[in-house]
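# What the coordinates show
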Amino acid sequence: MTARPAGRDVALMATCLCDAFFDDVARASVQVLEHLGCRVAVPADQTCCGQPAYNAGEWDAARRVARHAMRVFEGEGPVVTPSGSCARMLSHGAAAMFEREPDRGAAERLAARVWELSDYIVNGLGVTAWGGRFEGSLAFHRSCHSRGTACAEAALTLLSSIPGLRIVEIGETEQCCGFGGLFSTTFPRLSREIGALKLAELRSASADAVVSADMGCLMHLDGLARRERRPVRTLHVVQVLRDALRLEGSGAAS
Amino acid sequence: MKGPPLERYAAAQGAERRDSVRLGSKAGHDARSVAFARDLSDPDGLRVLAGRIKQHVLEHLDTYLDQAERRMTATGAEVHFAADAQAARRVIATILERRGARRVVKAKTMVSEEIELAAHLEERGIECVETDLGEFVVQLDRDRPSHIVKPIIHKNRREVAATFEGHGLGAYDDTPEVITRRARAFLRRKYLDADAAVTGANFVSAESGRIVLVTNEGNSRFCLAATRCHVAVVGIEKIVPTDRDLAVFLNLLARSATGQRLTAYTELIAGPRGPGQPDGPDEVHVVLLDNGRADVLSGDCREILRCIRCGACLNVCPVYRQASGHAYRSVYPGPVGAVLTPLLAGRRLTGWSDLPGASTLCGACHEVCPVDIPIEELLPRLRARAARERAPASAAGIGAWSLLASTPAAWRAALAAGALFEALPASFRSRASGPWGEHHDPPAWRGGAFRRWLDERSRGGA
Amino acid sequence: MTDDRRRVLARVRAALAPLRDRAPMPEYADDVAFARDVLDGRDLVTAFVERLTDAGGLAFVDPRALGAWLVDRGARRGHCDPSLVEALRPALPAGIAVETRFERARIDDYDFAITRAAGAIAETGTIVLGDATTSHRLAALAPWIHVAVVGRSTIVARVVDALRAAGSDANVVWCTGPSKTADVEGILVRGVHGPGEQVALVVP
């Protein structure tokens, strides 16, 4: 497998969730990448990676959205996204959907340029230690889409190098949070029950907040917890990185 | 209650049952983790190797079936093919009736459940007794197993004790040792009075023609030692190339299933009993079953046929743990069942179309699978198949969404418009958020905020 | 029946026909499974005994110690393979009755049975039985206590070695500890249909 393109000219795929709900995570991604000396392009026509349709088995619809992404992110350089799940969709999911399609080559070319954000910082830019300071303990939630990729290890590498920050491992770490995208709407009870188990593990870890590299998981856990009237603090890895350095916009973690 | 069948079944079970399944599954997974870490220097390498061996067999199954048949015949076994469940039942019934067998003892085999053998034999006046303790309890209760390795993972000792009492197996006693002793005594008489034995097989060696049975209780040993006629029903996908390759699978199977190095008994059977041996069958039949497997082989999910029925995927699956096996309404529950059941059912997925959706695609099953089956990649393919079978109207929502997501101007307008929705009361928003709103407080709508920030900076603002 | 054979093989062939490349058979070394050399510098007998004990079994090298243990367990009557009885009878206490027959009709009369093993596997603590070496399959299976007489030189190191040594015996059975189940609430109970005590007597 050829190496993915790296370098400091990057395109950012903000993700539809950040576009709609988590603008601070998208902002932090830009700020952190610029802090590392990157020029960050954010194509205005971007929308989504197509995962909801892929999960639903509506592959014609999913391909339509993926093709739009292929057009929007046309180019040679790295495409970075603060979401392990979107990164996986554009690589693995696209491979399955475009297997028999005439533009399979174009899908493969985009797949070969996609990086999850922590993975990019550590393995694309070679940054293995973060500086600054972050007081407190964070429970790290490994999202399932990071399985078999470098992104969870990359995130932990960065977080555990921040002075003052204590990473807390949680029990049954291999168990999913129960989001599963579409699953949370097609099997809402099971999704909630699985999420409740994860919340119990998180709470017994007694950390100040939960940190993850996937807003899908955090949105799900946060939504369940607030409905229970027992909210938990949730943070994206990139928000912690920004706040540790007191970059502009910091404050999500205080 | 609305929702997919699997969700409704899951909701209908009691908390006690749910806890039994969840804790039993977790214990199985933890035992597996300990055994893998202790004994295997490269567990993932071994799983991938086993997966490649199986994939090789599947993609050369025509050759291997032919070879396995010849070698088994050379050991003195009689080999039969069965295209479907009905053919398998017919073959087995014929063998038994030709022997005048009225009482059969059966060792645990999912395939016999798949072809619904016991009911068919009972109809023909042939008693068919389950000898695996869990399956024995299931049979007494007229229940169904809920796990492929631990059939009564969903029951507690009190339920089992009540079952035994209800069937005249002694006064109520829920001590596991007492329950086991009673089953030992009762089933011993059944073995000794039986005319024939039916088993499955975990593997068939195409090199030596040996069939391999992996058990802990000693029930299959007793079935074969006490009777004169052995019928083994085996799926055509159970073949391995050589005896040497059995080492790879035997090193993985028990560790994956229960955390043991090997189960208490591994039987390598090559035809009828040896010369000079007073006990054992004089007649061995192997029924090679298709029943939809060739169909699966022809499709885009053929990797599922690598499965060696260890149950590790069930043990780790968050959905299985919460829903339990019965929610899958099938012989094969859990992640493997979510793929195999709809595929074996035939050309259309109807009736099982909720199973491929009953997953977060977390991939934990793939990580523990001893033959490296990428179940989280197979499930979306099945979802695509289910989507093609549905009426086009049901895809309208996703269709409209995909149009929005490929029309940037409309997308940006929707981001802005969402702010209006945000102004509505929280309770209304929750209800209008559909299934999401049932259990979640939705996040605040911030559509357009990131893009405005980008615009401001590019104008030198922020 | 042959009609089904034709149908099944035809379906399988048809299923595989469109495949352009078929997955090759991977090559691998014999010792692919284990982290440590199971012998760890010890001899096969020591390793075998350790692993057998791990699996819930019991090992003796001295027939008299075995005899004392049988008495201790309350054993009063048992079966012994006729080819072993001359060597072992003297070692067993006089109070124990030993038969060289094994009568199915009196199956529950036998508290123990002593039969020959065909071999053993050190890395898993497994006793290997076979039709050729076992006086009666039921003797090795039905009594609560089974004693397998294992010749030291028949112990092999690994599972893959045992497969090579399986030969043409019609019924090779690898016994790794006593019969067991955890079907009721995951609680381990020994002695389901087979022996509750699996013993190896290791002899020269």
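Note that the coordinates shown come from a computational prediction; the quantities given were computed from them, not determined experimentally.

Attention shifts here to the interface of chain B and chain A. Contacts between the two partners involve 53 residues from chain B, matched on the other side by 50 residues from chain A. At the level of elements, α1 (5-12), α15 (318-323), α17 (364-368), α18 (375-389), α19 (396-404), α20 (408-422), α22 (435-439) and α23 (449-458) of chain B are the ones that each hand at least two residues to the side of chain B that touches chain A. Top contributing element to the side of chain B that touches chain A by residue count: α18(B), with seven residues. Classifying every residue of the side of chain B that touches chain A by side-chain character gives 32 nonpolar, 13 polar and eight charged.

In this complex, chain B contributes 77 residues to the contact, which on the side of chain C involves 61 residues. Of the residues contributing to the side of chain B that touches chain C, the split by class is 39 nonpolar, 21 polar and 17 charged. The pairing of strand β9 (residues 265-269) of chain B with strand β9 (residues 171-175) of chain C spans five bridges and is classified as antiparallel. If you follow B:E267 over to β9(C), its bridge partner there is C:V173.

All names here are of chain B. Tracing the backbone through its elements, the reader meets A393 in the loop between α18 and α19. Residue class for A393 comes out exposed when judged on the 8 C-beta atoms lying within 10 Å of it. C-alpha of A393 to C-alpha of R429: the two residues are 36 residues apart in sequence and 26 Å apart in space.

All right, on to unusual backbone geometry then. All names here are of chain B. We note that E116 has phi near 55°; this positive angle belongs to a residue other than glycine. Mapped onto the fold, E116 is located in the loop between α6 (110-114) and α7 (117-123). Positioned with a positive phi, S324 is a non-glycine residue whose angle comes to about 70°. Inspection of the secondary structure assignment puts S324 in the loop between α15 and α16 (334-344).

Of all two pairs of chains in contact, the one with the most contacts involves chains B and C. The two partners chain A and chain C share no contact, and the minimum distance between any of their C-alpha atoms is 15 Å.

What follows is about the sheet that holds strand β1 (residues 78-82) of chain B. Residue and element names in this part refer to chain B. The parallel open sheet is built from six strands, whose spatial order is β1-β10-β7-β4-β2-β3. Each edge of the open sheet carries a strand with a single partner, namely β1 and β3 (127-130). Taking the axes of each pair of neighbouring strands and ignoring which way they run, one obtains an average angle of 20° across the sheet. Running at roughly 170° to strand β10 (residues 283-289), helix α5 (residues 85-98) makes contact with β1, β2 (103-106), β4 (196-199), β7 (229-235) and β10 of the sheet.

This part takes up the domain arrangement of chain A. Residue and element names in this part refer to chain A. Taken domain by domain, chain A comprises domain 1 (9-124) and domain 2 (136-244). One C-alpha centre belongs to domain 1, the other to domain 2, and the line joining them spans 21 Å. Across the contact, 27 residues belong to domain 1 and 23 residues belong to domain 2. Of all the secondary structure elements, the ones that give two or more residues to the side of domain 1 that touches domain 2 are α1 (16-20), α2 (23-35), α3 (51-56), α5 (84-97) and α7 (117-124).

Basis of the calculations
- Residues numbered from 1 in each chain as written.
- Chains lettered and ligands numbered in written order.
- Predicted model: local features only at pLDDT ≥ 70, side-chain atom pairs only at ≥ 80, totals over all residues.
- Contact = placed C-beta atoms within 7 Å.
- Helix = DSSP H or I, 4+ residues; strand = E, 2+ residues; numbered from the N terminus.
- Nonpolar A, V, L, I, M, F, W, Y, C, P; charged D, E, K, R; others polar.
- Pairing = 2+ DSSP bridges.
- Buried ≥ 20, exposed ≤ 12 C-beta atoms within 10 Å, placed from the backbone.
- Axes fitted to C-alpha atoms, helices over the stretch in contact; angles between N-to-C directions.
- Domains from an automatic or database assignment.

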